[in-house]
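These are the residues of each chain, in order.
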Amino acid sequence: MDDTLDRLEKLLDLMARPDQIEDERLSSLTEEWEGVVQLLLLESQVKTNRATDKVRWRERLDGLLRRLPDIQSGLTAYQSEVAEQLYAENRRLQSLRQVRKELQVRQEPLIRCRA
């Protein structure tokens, strides 16, 4: 259980810094998350004789889960930033296309004269 909670903590740490997630890792993040959740579900059903372990695991898991709202709001903010950057880049590209189109229209009479 400790190993699974360690994996969960690492995933949460990674999601708390979305700008540092590598593209290759991004595609496998959902699978990793689902795998950790499945392990937590399985391990929660395993019997243990030590009540202190259960209490410690519960407290640790509760602490990790309390981080989720902050991480979600951070991810939402990052998504907005990326969307804003994409929108700005799209506007810039459209502007460049418009300038290119205008230049082609201006050059058209010159091309006819040379022929």
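Residues numbered from 1 in each chain as written. Predicted model: local features only at pLDDT ≥ 70, side-chain atom pairs only at ≥ 80, totals over all residues. Heavy atoms only, no water.

Caption draft 1: Structural detail: the overall build of the protein. On a plain count of helices and strands, the protein comes out with 4 helices and 0 strands. Its helices and strands in sequence order give the protein the pattern α-α-α-α, from N to C terminus. Relative to the globule expectation of 13 Å for 115 residues, the C-alpha radius of gyration of the protein, 26 Å, shows a markedly less compact shape. Burial statistics for the protein: of 115 residues in total, 14% are counted as buried. Contacts in the protein between residues far apart in sequence, at least 24 positions, make up 72% of those at least 6 positions apart. Carbon and sulfur atoms form 52% of the exposed surface of the protein, whose accessible area is close to 9,600 Å². Of the charged side chains in the protein, 20 are positive and 22 negative; the average position of the first set lies 6 Å away from that of the second. (Helix = DSSP H or I, 4+ residues; strand = E, 2+ residues; numbered from the N terminus. Rg over C-alpha atoms; globule rule 2.2 N^0.38 Å. Buried < 20%, exposed > 50% of the residue type's maximum accessible area, 1.4 Å probe, protein only. Contact = heavy atoms within 4.5 Å. Areas by Shrake-Rupley, 256 points an atom, 1.4 Å probe, with all protein chains shown as cover. Lys, Arg positive; Asp, Glu negative; His and termini not counted. Charge placed at Lys NZ, Arg CZ, Asp CG, Glu CD.)

Caption draft 2: Here's a closer look at the packing of helix α1 (residues 2–15) against helix α2 (residues 23–44). Where α1 meets α2, the axes come as close as 10 Å, and the angle between the chain directions of the two elements is 145°. Seen from above, α1 lies across α2 with left-handed handedness. Within the contact between the two elements, α1 uses Thr4, Leu5, Arg7, Leu8, Leu11, Leu12, Leu14 and Met15 and α2 uses Arg25, Leu29, Glu32, Trp33, Val36, Leu39, Leu40 and Glu43. Tallied by class, residues from the contact of α1 with α2 come to 11 nonpolar, 1 polar and 4 charged. (Axes fitted to C-alpha atoms, helices over the stretch in contact; angles between N-to-C directions. Left-handed = near helix turned anticlockwise from the far one by under 90°. Nonpolar A, V, L, I, M, F, W, Y, C, P; charged D, E, K, R; others polar.)

Caption draft 3: Expanded view of the pattern of salt bridges. In this structure the tally under the stated criterion is 8 salt bridges. A salt bridge links Asp2 to Arg60; its shortest N-O distance comes to 3.9 Å. Here Asp2 is found in helix α1, whereas its partner Arg60 is found in helix α3 (residues 51–66), with 58 residues between them in sequence. Overlapping salt bridges bring together Asp2, Asp6, Glu9, Asp53, Arg56 and Arg60 as one network. (Salt bridge = Lys/Arg side-chain N within 4 Å of Asp/Glu carboxyl O.)

Caption draft 4: Expanded view of the environment of Leu5. As for its position among the elements, Leu5 is in helix α1. For Leu5, a relative accessible area of 0% puts it in the buried group. Between the alpha carbons of Leu5 and Arg17 there is a distance of 19 Å; along the sequence they are 12 residues apart.

Caption draft 5: Representation of the environment of Val82 within the structure. The residue Val82 is located in helix α4 (residues 68–114) in this model. Residue classification places Val82 among the partly exposed residues on the basis of a relative accessible area of 29%. Through-space distance from the C-alpha of Val82 to that of Glu34 is 25 Å; in sequence the pair is 48 residues apart.

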